[in-house]
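Fold and geometry: a report
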Amino acid sequence: MRSEIRQFKCLEDNFGLLIHDPRTGATAAIDVPEAAPVLDELAKTGWNLTHIFVTHRHKDHIGGIPEVKARFPQVHVIVPKLEADQIGAHDQAVSDEDQLALGSLKVKVLATPGHTIGHVVYWFPEDKILFAGDMLFAMGCGRVFETPAAIMWDSLQKLAALPTDTQIYCGHEYTLANGRFAVAMEPDNPQLQERMQKVTELRQSGAFTLPTTLALELATNPFLRADQASIRQSVGLPHAPVADVFAELRARKNKF
Ligand code: ZN
Ligand code: FE
């Protein structure tokens, strides 16, 4: 592991995230839901904020940027190109497959439209770390606001193709509610039952349930499992195209 990561609570159920390259001192915030907890964490670690990587334009991911930028005026703000105009002040606009650096660490941008049209995720290939924003959650995925469900399914498949030992950090602590829906869809999945027990204990002790791994999501996340017979059966679509199964799952979760 070449990087160091801090994960902490922002707003109601957002995560603040910092990633630090000890070789060069470069430090990035992944989104800034609100300024105070991010500035506190920077003070605690002594890290100097050099970059902000924005996943998408929703207020609960960018609301704290102006205040943080005022405190660290040299910070380099990177935003998805398709949402750059709506986000406002920024230093760089990125799109799919763009290569970035955080100090000595390589970073690759992956476009993942669905939750919003311009949503991107940030992949650190050396440490196999993914910052997924509101695209993928533990046992869940973001609401599909701005594309057909099939586009979101394609975006999820992009993430599913990463190495299975990828560590995934997400934008929200939604795990328990997601897990209840997952169990309703796949009551006989033993790995899911085991996971629910674990995350219930974690939440009872006030701990976070993230990061997760891709392997764990592939085994327990219904939205990555739309092609499984168990899920198809639960939504009553045994032979439909997998994107339709995904769309039905997403619709059911919205009403759950
Ligand atoms: Zn969002
Ligand atoms: Fe969000």
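Here's a quick rundown of the structure.

All right, on to the nonpolar core then. With 53 residues, the main nonpolar core has F53, L102, Y122, F124, F131, L156 and F246 as its most contacted residues. Residues in contact with F124, not counting those within four places in the same chain, are I19, F53, L102, L105, K106, V107, I129 and F131. Ranked by size, the runner-up nonpolar core spans 21 residues in total, among them C10, A35, V54 and V75.

This paragraph deals with the sheet that holds strand β10 (residues 129-131). Sheet strands pair by backbone hydrogen bonding; their relative direction is either parallel or antiparallel. Taking strand neighbours across the sheet as the criterion, the 6 strands line up as β7-β8-β9-β10-β13-β14 in an open arrangement whose pairing is mixed. The open sheet has two edge strands with one neighbour each: β7 (99-102) and β14 (212-213). As paired strands, β7 and strand β8 (residues 105-111) are joined by 4 bridges and run antiparallel to one another. The residue bridging L102 from the neighbouring strand is L105, located in β8.

So, on to the coordination of the zinc ion (ligand 1). Bound to the zinc ion (ligand 1) on the protein side are H56 (NE2), H58 (ND1), H115 (NE2) and D134 (OD), at distances that span 2.2 to 2.3 Å. Note that the zinc ion (ligand 1) binds 4 donor atoms; their angles at the metal cover 86 to 175 degrees, and the shape is irregular. Between the donor residues of the zinc ion (ligand 1), the gaps in sequence give the motif H-x1-H-x56-H-x18-D. Between the zinc ion (ligand 1) and the iron ion (ligand 2) the interatomic distance comes to 3.1 Å, and D134 is a ligand of both metals. A residue pair is termed long-range when its members are at least 10 positions apart, and H58 in the loop between β4 (51-53) and α2 (59-62) and H115 in the loop between β8 and β9 (120-124) qualify at 57 residues.

About the thresholds
Residues numbered from 1 in each chain as written. Chains lettered and ligands numbered in written order. Predicted model: local features only at pLDDT ≥ 70, side-chain atom pairs only at ≥ 80, totals over all residues. Heavy atoms only, no water. Core = buried A, V, L, I, M, F, W, Y, C linked by side-chain atoms within 4.5 Å. Buried < 20%, exposed > 50% of the residue type's maximum accessible area, 1.4 Å probe, protein only. Contact = heavy atoms within 4.5 Å. Pairing = 2+ DSSP bridges. Helix = DSSP H or I, 4+ residues; strand = E, 2+ residues; numbered from the N terminus. Donors = N, O, S within 2.8 Å, 3.2 Å for Na, K, Ca; no water. Tetrahedral: all angles 85-135°; square planar, octahedral: opposite > 155°, others 65-115°.

Keep in mind these values describe shape, not function.
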